[in-house]
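Here is what each chain is made of, one letter per residue.
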Amino acid sequence: LFITNDLLAPSLALKIQQEGHDIVIAQKSTNDTKNILKGTLRRIPYADRYAYAKQSDLCIFDDNSSGEAAEWRKEGISCIGGGKDVMKLELNRKLASDTARICGLKIPQVFEVKDLEDAKRIIKEKGGKFCLKQMGKLDSIKGLNAVAKMSNSEDLISYIDFLQERWVEGLDQEFILQEKIEGAEMAISAWWNGNDFMRDKDKNVIVEENFEHKPLTNSGGESTGEMYTIQKLLPANYSKLYSETLEKLIPLLKQTTFTGDFDVNCIVTEKGAYFLEYTPRMGCPSISGQVAMHKTPWFDFLKACADGKQVDFEYDPRWNIVCWLFAKPFP
């Protein structure tokens, strides 16, 4: 059973069906994503998801929009996903930075803001380069984030003026300001089974290093949720980024209700990796890239992960590129 809002992982659902399993989709959203693989994957009413979950071998939450996975797991239902604690780690950027700092990760300075006017005040008082990042309910509206290029963030202030002029009445201005760190944006993820990261037959933790590209084109353009991702699977002992991030987060993960793909986004500099955010769910479109790289049958892999077990993790070690293809109108 796939429980989803916008069906972030249709290629994964299709792959498991091709492995010989019966797939059922319970989708909350009523937008155009309901037509994805229509007629190929069976859909049920979203209200019936719990009744179907009790009959299913495995329930896969491809996002963290409900937090039900943790509750169902207490009833003995095998689930990929997490509870409301994990939702907060993704949506509350201040909480995310605080937990990362406590675990020993380097973090940029973060400022909570009351609204966009308060953000401009902080920029003018502090000086320097900042990033404006949406959080909370705003996080589902992609494309509002902005990064200063000018030395005192004058361009960012102009962008905030632009947002204020066009802001929708009644919509909370949930943002943070983050110190801009000069470096390369890079992320790392691994599959967490509730006790440990998933490992290969030689007992190596296997991680995915990836580079997100958000601009619409290779020469720039507006920021998308994610345009394409370059990714690679490798043993953790070959990844310096793992030792600076995910490895330090194991004590935190052991206190969460999460099972699934846990991603940490960073800015990598000569001084090390600076934490930016968690993505405790399947990345989109990176999960479609992982479908191409995993050799272990996906049902076997996810079932073991959901139940706190291990399975020999086989994969293709080559670099992979996964991208979106858009039709008009965009966005």
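To be clear, the structure that these remarks concern was listed above.
Here is a short report on the structure shown in this document. (Residues numbered from 1 in each chain as written. Predicted model: local features only at pLDDT ≥ 70, side-chain atom pairs only at ≥ 80, totals over all residues. Heavy atoms only, no water.)

Considering the sheet that holds strand 11 (residues 206–217)
As a reminder of what qualifies: Strand pairing is assigned whenever DSSP detects at least two bridges linking the two strands. Helix and strand definitions here come from DSSP, where helices need a minimum of 4 consecutive H or I residues and strands a minimum of 2 consecutive E residues; each element is numbered from the N-terminal end. Only C-alpha atoms enter the line fits that serve as axes; for helices the fit covers just the stretch in contact. Angles between N-to-C directions range over 0 to 180 degrees.
Taken in spatial order, the six strands make up an open sheet running 14-13-10-11-12-15, and their pairing is antiparallel. With one partner strand each, in any of the chains shown, strand 14 (272–280) and strand 15 (320–323) form the two edges of the open sheet. Across this sheet, the average inter-strand angle for adjacent strands is 30°, counted without regard to direction. By the bridge criterion, eight bridges tie strand 13 (residues 260–269) to strand 14 in an arrangement that is antiparallel. Bridge pairing links isoleucine 267 to tyrosine 274 in strand 14.

Remarks on the nonpolar core
Most often, soluble globular proteins keep nonpolar side chains buried together rather than apart. Worth spelling out the cut-off: Residue types Ala, Val, Leu, Ile, Met, Phe, Trp, Tyr and Cys, when buried and joined through side-chain atoms within 4.5 Å, form a set referred to as a nonpolar core. Think of it in three bands: with a 1.4 Å probe and only protein chains considered, a residue is buried below 20% of the maximum accessible area for its type, exposed above 50%, and partly exposed in between. The contact definition used throughout considers only heavy atoms, calling two residues in contact when any of these lie within 4.5 Å.
Ranked by internal contacts, the top residues of the largest apolar core, which has 29 residues, are Leu12, Ile16, Trp191, Trp298 and Leu302. Considering every element that reaches this core, the biggest residue donor is helix 11 (residues 298–306), with seven residues. Setting aside anything within four residues of it in sequence, one finds leucine 302 in contact with Leu12, Ile16, Leu58, Ile60, Ile80 and Trp191. One finds Ala100, Met186, Tyr242 and Leu249 within the second-largest nonpolar core, a separate group that totals 28 residues.

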